[in-house]
Amino acid sequence: MEVILAKTAGFCFGVQRAVDIAYKEAEKGNFPLYTYGPLIHNESVVKDLEEKNVQVLQDKEALEKIDKGTVIIRTHGVPPEIYEIIQRKGMGLIDATCPFVKKIHHIVQEYSEKGYSIMIAGDVTHPEVQGIMGWCGSAKVYVVQEVSDLEHFQKAPGEKICFVSQTTFNAKKYKELVAVSEKYRYTDIVVNTICSATDERQKEAKEIARKADAMVVIGGKHSSNTRKLYEICKDECNDTYLIQSLEDFVLQHPEKIHTIGITAGASTPKKIIKEVQKFVRDE
Ligand code: SF4
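Residues numbered from 1 in each chain as written. Predicted model: local features only at pLDDT ≥ 70, side-chain atom pairs only at ≥ 80, totals over all residues. Heavy atoms only, no water.

**Student:** Pulling in residues and values, what's your account of the domain arrangement of the chain?
**Tutor:** In terms of domains, the chain is made up of domain 1 (2–10 + 197–282), domain 2 (13–97) and domain 3 (100–190). On a C-alpha basis, the centres of domain 2 and domain 3 stand 28 Å from each other. Contact residues are listed per partner, giving twelve residues for domain 2 and eleven residues for domain 3. For the pair domain 2 and domain 3, the two sides together bury roughly 770 Å², of which 68% comes from carbon and sulfur. The largest contributions to the domain 2 side of the interface with domain 3 come from His76, Pro80 and Thr97, which together make up 49% of the buried area. The interface formed by domain 2 and domain 3 holds two residue pairs in polar contact (both at pLDDT 80 or more) in total. (Domains from an automatic or database assignment. Contact = heavy atoms within 4.5 Å. Buried area = accessible area lost by both parts, 1.4 Å probe. Polar contact = N/O pair within 3.5 Å; in protein donor to acceptor, adjacent residues only side chain to side chain.)

Okay, here's the thing in structure tokens:
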């Protein structure tokens, strides 16, 4: 069986940076130390950090209950009110928001201050999108995911709209949304804010899935970029598996598979990818 491992599989620049920051602070013994939300979508990394006394604050209510220590903001970023709460309490703040996400905050802040409404291609329940919405100030915000979300869209007379996307949004879907929004002149400014790491990972996954008889996508069940990867691979290769670790992996009909592809989401540690690769090769 030929095994093709994606070069882009595993930690992206933003995740690697956040993980390095958290481990460095834990090593310094800078306690109490918290992350606002699980640092990355990988249970083994979050558990390991917990063992090193890096605690997870699940939400704003949990943050309101503490008064001492340092809070690490994860790659997804947060709305301005979270910075305000930490500063009001006089606690330490380490900002590990990915610079690509920070760039979106600056764009939506700038255009909302100029009087634009903001349209975001993304998942409204995702923390990154909620963080972006927080930076839109008093602007009207629309979150869209599918072309059908634009079907009954009504732009107010004189309304100007700036269109951005969640960093991990499916590039093909974003193109379709932009095409529709431009056709009906819904949007006035379009900034493609899908991060290049996501874009490259998606393109490579698609290419591998096209050639493979079976495709394995490794990543956390709450990871948006992993789910998008799965969708992309499934479109090209019907026999696509989404797994969190080697334990969930049961390869059906291995005798029919000549080529198997492996990719992984941005929060998947190298160790898990290597385990799956080794298993596929050896077993
Ligand atoms: S996927 Fe892109 S935007 Fe998200 S953390 Fe990684 S580098 Fe940053």
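Resuming the write-up.
**Student:** Give me the sheet that holds strand E6 (residues 117–121): which residues, what numbers.
**Tutor:** Taking strand neighbours across the sheet as the criterion, the four strands line up as E7-E6-E8-E9 in an open arrangement whose pairing is parallel. On the outer flanks of this sheet lie strand E7 (141–144) and strand E9 (189–190), each paired with one strand and no other. One ladder, built from four bridges, connects E6 with E7; its direction is parallel. Pairing of Ala121 across the sheet is with Val144, part of E7. Across the sheet, helix H5 (residues 99–113) touches E6, strand E8 (161–165) and E9, and the angle it forms with E8 is around 170 degrees. (Pairing = 2+ DSSP bridges. Helix = DSSP H or I, 4+ residues; strand = E, 2+ residues; numbered from the N terminus. Axes fitted to C-alpha atoms, helices over the stretch in contact; angles between N-to-C directions.)

**Student:** I'd like a rundown of the sheet that holds strand E4 (residues 70–73), residues and numbers included.
**Tutor:** The strand order across the open sheet formed by four strands is E3-E2-E4-E5, and the pairing between neighbours is parallel. Strands at the two margins of the open sheet, each flanked by one partner only, are strand E3 (54–57) and strand E5 (92–95). Adjacent strand axes in the sheet meet at a mean angle of 30 degrees when their direction is disregarded. Pairing of strand E2 (residues 33–36) with E3 involves four bridges; the strand directions are parallel. Bridge pairing in E3 links Leu33 to Val54.

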